[in-house]
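For reference, the chains in residue letters:
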Amino acid sequence: MKRVGVDVGGTFTDLIYLDDETGKTLVHKLPTTPADPSEGTIAGIVELTKEAEVEPSTLDQVFHGTTIATNIVIEHNGATVGLITTEGYRDILHIARHKKPYNFSNYQDLPWQRYPIVRRRYRLTVPERILNDGSVLVPLDEDKAREQVRKLKESGVEAVAVCFLFSFLNNEHEARVAEIVREEFPDAFLSVSSEVLPQYREYERFSTVCLNAFVGPKVATYVRRIEEQLQEMGVKTGVHLMTSASGVATAEGAIRRPVNLLMSGPVAGVVGGIWAGKQAGFDNVITLDVGGTSADIGLAQGGRLRMKHLLDTKVGPYQAMIPMVDVDTIGAGGGSIAYVDQGGIFRVGPRSAGAIPGPAAYGRGGTEPTATDAMVNLGWLLPEGFLGGDMKVRTDLAEKAFKEGPSAGLDMSVEEASMGAIEILTHSMVQSIEENSVRKGFDPREFALVAEGGAGPLFAATIAAEVGTPTVLVPPYPGITSAMGLLATDMVYEYVTTTYQRASELDRASFQASFEELEGQARKQLEDDGVPADRMIIQRVCDCRYLGQGYELRLDAPSGDIDDSWVAKLTSDFHEAHEREYTRRFDDVDIELPNIRVRGTGLMPDLTVPEVQTGDGDSQRAVHHEAEAWFRVDGNMVRLPTRYYDRSKLLAGDRIEGPGIINQYDTTTVLPPGFTAEIDRFGNIVMAVGAADAAR
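Let me sum up the structure you'll find in this document. (Residues numbered from 1 in each chain as written. Predicted model: local features only at pLDDT ≥ 70, side-chain atom pairs only at ≥ 80, totals over all residues. Heavy atoms only, no water.)

1. A look at the overall build of the protein
Okay, so step 1: Scanning the protein for helices and strands turns up 19 helices and 33 strands.
Okay, so step 2: For 696 residues, the compact-globule estimate of 2.2 N^0.38 gives 26 Å, and the protein sits close to it at 26 Å.
Okay, so step 3: If one aligns the C-alpha atoms of the protein with their principal axes, the spans along those axes are about 80 × 55 × 55 Å.
Okay, so step 4: Here the protein holds 696 residues, and the buried ones make up 57% of them.
Okay, so step 5: A sequence separation of at least 24 residues applies to 68% of the contacts in the protein between residues at least 6 apart.
Okay, so step 6: Carbon together with sulfur atoms contributes 47% to the accessible area of the protein, which is approximately 28300 Å² in total.
Okay, so step 7: Distance between charge centroids for the protein: 4 Å, based on 68 positive and 100 negative side chains. (Helix = DSSP H or I, 4+ residues; strand = E, 2+ residues; numbered from the N terminus. Rg over C-alpha atoms; globule rule 2.2 N^0.38 Å. Buried < 20%, exposed > 50% of the residue type's maximum accessible area, 1.4 Å probe, protein only. Contact = heavy atoms within 4.5 Å. Areas by Shrake-Rupley, 256 points an atom, 1.4 Å probe, with all protein chains shown as cover. Lys, Arg positive; Asp, Glu negative; His and termini not counted. Charge placed at Lys NZ, Arg CZ, Asp CG, Glu CD.)

Structure below.
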């Protein structure tokens, strides 16, 4: 099976080609095309298959991770959305949960009100009312609904969201309005809550369904364009896109529910990091995926993804109640701009130079100093070693950017300002790692730090020294680990429905029927994807909570008939899970099951890479350059003799003493003074974090 993974970032588009039969693996990297990311995606596939000496038509699978939906939300440049909802509930999106970002501030700039997903003039209501038992109190006024749809069409909206109260229990009114929209306004992107999120919680459901409409038109255009271009190239398979829950969606599924792609790119990096860690013998990993624009931090204990609680799944200021891997994204990357603010404070990011114009050293018109320019000034990035020499790096422009920027503003040398920029970004990433580990009850000393992305291996060593992780793992292709994660994941779909039942009064027949209906949907989707029955896994999940609680825990539920033993097993498992999470259990309190879910998994072939040749332990053969580079030692800036290694010439068992810098096509790894590194049998750089004080 020939597979391609494509990860589109803010600065670079990363690709990996894998032939499962021969074990052949190729990587490719090219600048992202911000105006139309599909251009870079298709160009990369063409170039990569040409290098592999195969035709695009021979590809069996194309997996894609993208930040397009995320960027639309963050940049507030989505579609003009109209909302049709129940009479009297026009302002749910505006009111939200009455929460304030800063509880003790007298002035509040509420971002969901400042940048509304749906402007009030486009939020229209119709007479209808369904009660909390699913019965109809007020019948749908179809004439009024048709009138409101026509108003939205005349006003020029691009997408229509339909969201009624309790439609997750009875969707007949929403279904009829959806028909009317298709009749009166067929060009509009349609987002219907009973199709997108048939789940309780009023505000979160409204927000998610409207977000789906907000990102829908652009995502649909993007996905269709890729599908059409792949078909023109003769590719037999359609594109599959990574979802926020670490599964994949077909092009059709992504177009219907684009909200599920909101964390597509960052999640792929976590999956790739877990795979790399397991291969190297580390089940507990913290993933650090640093690109040109942002840094994504994830944590996996025992090689298992952590999922966010559905009330914590936000993108920007907006609630998106979708299954989402627990990954934290901050504005810290190689393109982060360094500057001195009006108060004289040295800051780096979150604003980034991106792909265009990029860092000053790229020579593409960028003049503002970035983290990449800082590394050039420190001697960490060699001009002739960047992207294998395919991309020219201008040391004079990097120096000029800092000299005229932070260096002048802070009255310090270019090298000191450059090191300061790196340390500021390092501190931001350390804080994020601590929030995702220590503050959630995990000891980072029990984890390995997996360095990913084009810039992750540049920062990883100093971050590990501050956080306390004893090991840094740099995979063979860290710059394309997210793309690798796309090939390491299985095809996963999740279906949900609201049940509102208690364990003590469980209507077992209806509960069984609800599960079976969801299981049927999951099986059909996997069958449509061509997954054979022996490669399918159908898993039940229950959202459980104690009676009176407002938050649920996701709990894997037993399979089989729902009888006394099934209920007893679920109850026991929930008590234990609650005690693990909150250190408390209440065995005498009834358990509520507000939602049930089914995850359908299509198992993909295991991702394997060949072992590298074993060497004699002497890394001298890989040295291609010797020069001096700047490091911080005992709090002082020092310029030390440094060896530069060609990673392609490093063999299993080779050992490197810091300071050293390891160059390869897609990234550069920095080994500060006091650190040692060895190459394992799969070609991973396994860095031992020692002499932490000397590295600071």
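This is not the end of the story, as more comes after the structure.
2. Some remarks on the sheet that holds strand S9 (residues 159–163)
In a beta sheet, neighbouring strands pair by backbone hydrogen bonds and run either parallel or antiparallel.
Okay, so step 1: The parallel open sheet is built from four strands, whose spatial order is S6-S5-S9-S10. Sheet topology places strand S6 (123–126) and strand S10 (189–192) at the edges, where each strand pairs with a single neighbour. If you compare each strand with its neighbour and ignore which way they point, the axes differ by 20 degrees on average.
Okay, so step 2: Alignment of strand S5 (residues 81–86) against S6, held across four bridges, turns out to be parallel. Bridge pairing in S6 links Leu-83 to Arg-123. (Pairing = 2+ DSSP bridges. Axes fitted to C-alpha atoms, helices over the stretch in contact; angles between N-to-C directions.)

3. Quick notes on helix H17 (residues 508–528)
Okay, so step 1: With 21 residues, H17 should cover 30 Å at 1.5 Å per step; its first-to-last C-alpha distance of 30 Å lies within 8% of that length.
Okay, so step 2: Those residues of H17 not exposed but buried are Phe-511, Gln-512, Phe-515, Leu-518, Glu-519, Ala-522, Gln-525 and Leu-526. What you see down the axis of H17 is that its buried residues fit within an arc of 150 degrees, all on one side. Looking at H17, the residues exposed on the side facing more than 90 degrees away from the buried face are Ala-509, Glu-517, Lys-524, Glu-527 and Asp-528.
Okay, so step 3: Those residues of H17 that are buried lie in contact with strand S12 (248–250), strand S23 (491–502), strand S24 (536–546), helix H18 (564–582) and strand S26 (591–602).
Okay, so step 4: One or two positions beyond H17, positive phi appears at Gly-530, with a value near 80 degrees. (Expected span 1.5 Å × (residues − 1). Arc of directions from axis to C-beta.)

4. Digging into the side chain of Asn-212
Okay, so step 1: On the secondary structure map, Asn-212 appears in helix H8 (residues 202–232).
Okay, so step 2: A polar contact of 3.0 Å, which involves the side chain of Asn-212, links it to the backbone nitrogen of Val-259.
Okay, so step 3: Among all residues touching Asn-212, those that are not within four sequence positions of it are Phe-189, Ser-191, Val-196, Arg-256, Arg-257, Pro-258 and Val-259. (Polar contact = N/O pair within 3.5 Å; in protein donor to acceptor, adjacent residues only side chain to side chain.)

5. Things to note about the environment of Val-136
Okay, so step 1: Within the element layout of this structure, Val-136 appears in strand S8 (residues 136–138).
Okay, so step 2: Val-136 gets classed as partly exposed once you look at its relative accessible area, which sits at 37%.
Okay, so step 3: If we ignore the near neighbours within four places in the chain, the residues touching Val-136 are Arg-129, Ile-130, Asn-170, Glu-172 and His-173.

Treat this as a map of the structure, not an account of what it does.
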